[in-house]
Amino acid sequence: MKTNNKGFSLVELIIVIAIMAILVGIMAPQLLRYVEKSRVTADEELLNAIYSAVVYASYDPIVLDDPNAKAIIDSLVTPRTLESIMTPAGNAYAAEVMDTLGWSDLNQATYEAMLESAHESNCEIWIAYQGGVQNPIAMWITTTDSRGKRDTSHSGTSVDDIGINICIK
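Residues numbered from 1 in each chain as written. Predicted model: local features only at pLDDT ≥ 70, side-chain atom pairs only at ≥ 80, totals over all residues. Heavy atoms only, no water.

### With respect to the pairing of strand β3 (residues 137-141)
For step 1, the next point in the chain: When you tally the buried positions in β3, you get five out of five residues, the bulk of the element.
For step 2, the next point in the chain: By the alternation rule, side chains of β3 split into I137, M139 and I141 and A138 and W140, which are all buried.
For step 3, the next point in the chain: Two strands pair when backbone bridges link them, and strand β2 (residues 125-129) and β3 are joined in this way by five bridges, in the antiparallel orientation. Bridging from a neighbouring strand, I125 pairs with I141 of β3. (Buried < 20%, exposed > 50% of the residue type's maximum accessible area, 1.4 Å probe, protein only. Helix = DSSP H or I, 4+ residues; strand = E, 2+ residues; numbered from the N terminus. Pairing = 2+ DSSP bridges.)

### A few points about the packing of aromatic side chains
The description of an aromatic ring pair rests on the distance of the ring centres and on the angle between the ring planes.
For step 1, the next point in the chain: Using the criterion set out here, one finds one aromatic pair in the structure.
For step 2, the next point in the chain: Look at W126 and W140: their rings are 6.5 Å apart centre to centre, the planes differ by 10°, and that puts the pair in the stacked class. Of this pair, W126 sits in strand β2 while W140 sits in strand β3, placing them 14 residues apart in sequence.
For step 3, the next point in the chain: Residue class for W126 comes out buried when judged on its relative accessible area of 12%. (Phe/Tyr/Trp six-rings, centres within 6.5 Å; stacked < 30°, edge-to-face > 60°.)

### Focus: the confidence of the model for the protein chain
Interpretation of this model should avoid reading the predicted coordinates in detail wherever pLDDT is low.
For step 1, the next point in the chain: With 82% of its residues at a pLDDT of at least 70, the protein chain reaches an overall mean of 81.
For step 2, the next point in the chain: At the low end of the mean pLDDT range in the protein chain sits β3, at 81; at the high end sits helix α4 (residues 92-101), at 92. (pLDDT = per-residue confidence, 0-100.)

### What to know about a nonpolar patch on the surface
For step 1, the next point in the chain: There is a patch of nonpolar side chains on the surface, built from V11, I15, I19 and L23 and spanning about 380 Å² of accessible area.
For step 2, the next point in the chain: Mapped onto the elements, L23 comes out in helix α1 (residues 10-59). (Patch = residues over 30% accessible without salt bridge, like charges linked within 9 Å, V, L, I, M, F, W, Y side chains within 5 Å. Areas by Shrake-Rupley, 256 points an atom, 1.4 Å probe, with all protein chains shown as cover. Salt bridge = Lys/Arg side-chain N within 4 Å of Asp/Glu carboxyl O.)

### Describing the nonpolar core
For step 1, the next point in the chain: Ranked by internal contacts, the top residues of the largest apolar core, which has 31 residues, are I50, L82, Y93 and L106.
For step 2, the next point in the chain: Among the elements of the structure, α1, α3 (67-75), α4, β2 and β3 are those that each provide at least two residues to this core.
For step 3, the next point in the chain: Counting residues per element, this core draws most heavily on α1, at eight residues.
For step 4, the next point in the chain: In contact with L82, not counting residues within four places along its chain, are I50, W103, L106, Y111, I125 and I127. (Core = buried A, V, L, I, M, F, W, Y, C linked by side-chain atoms within 4.5 Å. Contact = heavy atoms within 4.5 Å.)

### Points about the side chain of D66
For step 1, the next point in the chain: You can see D66 is positioned in the loop between α2 (61-65) and α3.
For step 2, the next point in the chain: Here D66 occupies a buried position and makes no salt bridge, while the nearest side chain of opposite charge, K70, is found at 12 Å.
For step 3, the next point in the chain: At 3.1 Å, the side chain of D66 and the backbone nitrogen of N68 are in polar contact.
For step 4, the next point in the chain: When residues no more than four places from it in sequence are discounted, the contact partners of D66 are N91 and A92. (Lys, Arg positive; Asp, Glu negative; His and termini not counted. Polar contact = N/O pair within 3.5 Å; in protein donor to acceptor, adjacent residues only side chain to side chain.)

### Observations concerning the side chain of T110
For step 1, the next point in the chain: Within the secondary structure, T110 is located in helix α5 (residues 108-112).
For step 2, the next point in the chain: In this structure T110 comes out as buried when scored by relative accessible area, which is 18%.
For step 3, the next point in the chain: Beyond its immediate sequence surroundings of up to four residues, T110 is in contact with W103 and D105.

Here's what the structure looks like:
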């Protein structure tokens, strides 16, 4: 007698589905952490691009010849938002930063649309001159943290504020 057994039994299918459920349960948290880490990395890369543009503009001779731009650079000893360097309008410093970044303006809506990690709608990028040759400027994003989570408790505006070490910087 010839039997024609082609296919899987119900027990075999249940075992395979159970194994897959266990694997998904193990892998899902790892994948979520990876996604959050990649979003924070994207924000750090955005900050690096802004940092490079700000440092480049700070040493540009054309920018340094503009008295308004020179005043902005000198005022960076006190933390300022990225948006605030656009005042006064038309200064060479803001123009050079925007040109280097390829942006039309430096307002909050422009960079907020580029942020990948979780953040509050009122997040800001802060800049402060901290001295030194290696890292002359400190930059950080408020209302988010280095794990990519929303964190409104660390929206510090001071380089010495403990929250900055938790913010994306």
